[in-house]
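A closer look at the structure
So the chains spell out like this:
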Amino acid sequence: MSSSSSSEQPRVITCKAAVAWRAGEPLVMEEVEVSPPQPLEIRIKVVCTSLCRSDLSAWESQSLLPRIFGHEAAGIVESIGEGVTEFEKGDHVLAVFTGECGSCRHCMSGKSNMCQVLGMERKGLMHSDQKTRFSIKGKPVYHYCAVSSFSEYTVVHSGSAVKVNPLAPLNKICLLSCGAAAGLGAAWNVADVQKGSSVVIFGLGTVGLSVAQGAKLRGAAQIIGVDINPAKAEQAKTFGVTDFINSNDLSEPVPQVIKRMTGGGADFSFECVGDTGIATTALQSCSDGWGMTVTLGVPKVKPEVSAHYGLFLSGKSLKGTLFGGWKPKSDLPSLIEKYMNKEIMIDELVTHNLAFDDINEAFKLMREGRCLRCVLHMPK
């Protein structure tokens, strides 16, 4: 593996990456060529990357292959492309799946984090020139979410990276580039949970537990967690869940139980599974008049949400969110500061630390529901 000195133009790097060749089949460690960063891009030496359920879902279903997955990542800038002024070699960074150009209508609005220039990339290519920066023996390998962190080195647009405090532990804050931040933001930015309110959360993975933490920090009086895995009940208490429901154990519909527990329905309801049927259940579980349901999950099947119009006539609302409403460059540094000041819990979401070579074990753990976040550590 070779890289360039600061006085030279960056060259192609050959490094290890975990490549998906077929949907749902084990990733294969391959020698890949990583191109130099093009204008307004940076090349990052990945230090740590965590496995998110979106990686798992995409790996199980994608037809855009071969591909390098991974999008929750932290690393160190190895080289910069022409026109990059914000970063320099050696900077510690988070790579993010949705960028912030700072000048489009949405970035300028103060109302949205849906950047029109560097938003969700779905073609497996770079935003700038619709090409890839990865290849194996001259043949292109697709990116994922414009990050592709299951590689020792990756190239991202400079607008899709955030410079971070060099004292912040990269093996923990990588979670803030997706799941943990999404959950906190859903509670704070999207729902704006109020002190004394009642909250119900469907799905107690990393995102759901982060919603619980956000609600607890806002002073919610009742936080109900709904999951089909009874092993999550005790762990959920750490993040603020006051009541646990295993929906498989119920003899009546979940909304009826929630309404009875909350005296008429929760003030706020969060869908963190990625199931549109559960989004409907969440909507049915919140209060008439003012109940708000926020959906965070990404469904693998049946993307349409079905709901009786009477639910909306009664004053309920349904909101969606991407990345908890955070603008990555503007907002993530302050979230990292909160972590450094011990104001938010991140360490407790990391259930496994594995070597990069053990990436298929991480996929197995998540597929079997035996982990929250597996952090993969690149070779030193």
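Please read all numbers here as calculations on a predicted model, not as lab measurements.

Quick word on the side chain of threonine 276
You can see threonine 276 is positioned in helix α8 (residues 276–285). In this structure the side chain of threonine 276 is engaged in a polar contact, spanning 2.7 Å, whose partner is the backbone oxygen of lysine 302. Looking at threonine 276, its side chain comes within polar contact range of the main-chain oxygen of glutamate 304, at 3.4 Å. Apart from the residues within four sequence positions on either side, threonine 276 is in contact with Pro299, Lys302, Pro303, Glu304 and Val305.

Looking at the packing of helix α4 (residues 179–190) against helix α10 (residues 328–340)
Close contact between α4 and α10 brings their axes to 12 Å; oriented N to C, the two are set at 100°. Compared by their axis directions, α4 and α10 come out roughly perpendicular. The segment α4 lies against α10, with Ala181, Leu184 and Trp188 engaging Leu332, Leu335 and Lys338. When the residues that make up the contact of α4 with α10 are grouped by side-chain class, the tally is 5 nonpolar, no polar and 1 charged.

Things to note about the packing of helix α7 (residues 254–262) against α8
Viewed as axis vectors pointing N to C, α7 and α8 meet at an angle of 30°, and their least axial separation amounts to 8 Å. In terms of their interaxial angle, α7 and α8 are classed as roughly parallel. In terms of crossing hand, the pair formed by α7 and α8 is right-handed. In this structure, α7 contributes Val254, Pro255, Ile258 and Lys259 to the contact, and α8 contributes Thr281, Gln284 and Ser285.

A word on unusual backbone geometry
The amide bond that connects leucine 65 to the next residue, proline 66, takes the cis arrangement and shows omega of 0°. Relative to the elements of secondary structure, proline 66 occurs in the loop between α1 (53–61) and β4 (72–80). Phi is positive for lysine 302, close to 45°, though the residue is something other than glycine.

Observations concerning the side chain of histidine 143
Residue placement: histidine 143 occurs in the loop between β7 (139–141) and β8 (153–157). Residues within four places of histidine 143 in sequence aside, it is in contact with Arg67, Ile68, Gly124, Leu125, Met126, Lys131, Thr132, Arg133, Phe134, Ser148 and Val155.

Digging into the confidence of the model for the protein chain
Residue-level pLDDT values for the protein chain average 95, and 98% of them are 70 or greater. Low pLDDT, under 50, characterises residues 2–6; the predicted model gives this stretch 13 contacts beyond four residues in sequence or across chains.

Thoughts on the pairing of strand β2 (residues 28–34)
Bridging between strand β1 (residues 13–19) and β2 involves 7 bridges; their strand directions are antiparallel. By the bridge assignment for β2, alanine 18 is matched with methionine 29. Summarising the sheet, β2 and strand β6 (residues 134–136) pair through 2 bridges and their orientation is antiparallel. Looking at the pairing, glutamate 33 lines up with serine 135 of β6.

As for a nonpolar patch on the surface
Taken together, the side chains of Val305, Phe312 and Leu318 present a nonpolar region at the surface, about 230 Å² in accessible area. Within the element layout of this structure, phenylalanine 312 appears in helix α9 (residues 309–313). Residue phenylalanine 312 is classed as partly exposed on the basis of its relative accessible area, which comes to 38%.

Points about the domain arrangement of the protein chain
Under the domain assignment, the protein chain is made up of domain 1 (13–177 + 346–377) and domain 2 (180–321). Centre-to-centre separation of domain 1 and domain 2, based on C-alpha positions: 29 Å. Interface area, domain 1 with domain 2, both sides summed: about 970 Å², of which 61% is carbon and sulfur. The interface formed by domain 1 and domain 2 includes 1 salt bridge. Our count for the contact surface shared by domain 1 and domain 2 stands at 3 residue pairs in polar contact (both at pLDDT 80 or more). Of the residues in the side of domain 1 that touches domain 2, the class split is 5 nonpolar, 3 polar and 3 charged.

So, the sheet that holds strand β14 (residues 292–295)
Whenever strands of a sheet pair, they do so through backbone hydrogen bonds, lying parallel or antiparallel. Within the open sheet, the 6 strands sit side by side as β12-β11-β10-β13-β14-β15. Their pairing is parallel. The sheet is open, and its two borders are formed by β12 (243–246) and β15 (317–320), each paired with just one other strand. Adjacent strand axes in the sheet meet at a mean angle of 20° when their direction is disregarded. Relative to strand β13 (residues 268–271), strand β10 (residues 198–202) runs parallel, the two sharing 4 bridges. Residue valine 199 lies in a different strand from β13, and its bridge partner there is phenylalanine 268. Contacting β13, β14 and β15, α4 runs over the sheet at an angle of about 145° to β14.

What counts and how
- Residues numbered from 1 in each chain as written.
- Predicted model: local features only at pLDDT ≥ 70, side-chain atom pairs only at ≥ 80, totals over all residues.
- Heavy atoms only, no water.
- Helix = DSSP H or I, 4+ residues; strand = E, 2+ residues; numbered from the N terminus.
- Polar contact = N/O pair within 3.5 Å; in protein donor to acceptor, adjacent residues only side chain to side chain.
- Contact = heavy atoms within 4.5 Å.
- Axes fitted to C-alpha atoms, helices over the stretch in contact; angles between N-to-C directions.
- Parallel < 35°, antiparallel > 145°, perpendicular 65-115°, else oblique.
- Nonpolar A, V, L, I, M, F, W, Y, C, P; charged D, E, K, R; others polar.
- Left-handed = near helix turned anticlockwise from the far one by under 90°.
- pLDDT = per-residue confidence, 0-100.
- Pairing = 2+ DSSP bridges.
- Patch = residues over 30% accessible without salt bridge, like charges linked within 9 Å, V, L, I, M, F, W, Y side chains within 5 Å.
- Areas by Shrake-Rupley, 256 points an atom, 1.4 Å probe, with all protein chains shown as cover.
- Salt bridge = Lys/Arg side-chain N within 4 Å of Asp/Glu carboxyl O.
- Buried < 20%, exposed > 50% of the residue type's maximum accessible area, 1.4 Å probe, protein only.
- Domains from an automatic or database assignment.
- Buried area = accessible area lost by both parts, 1.4 Å probe.

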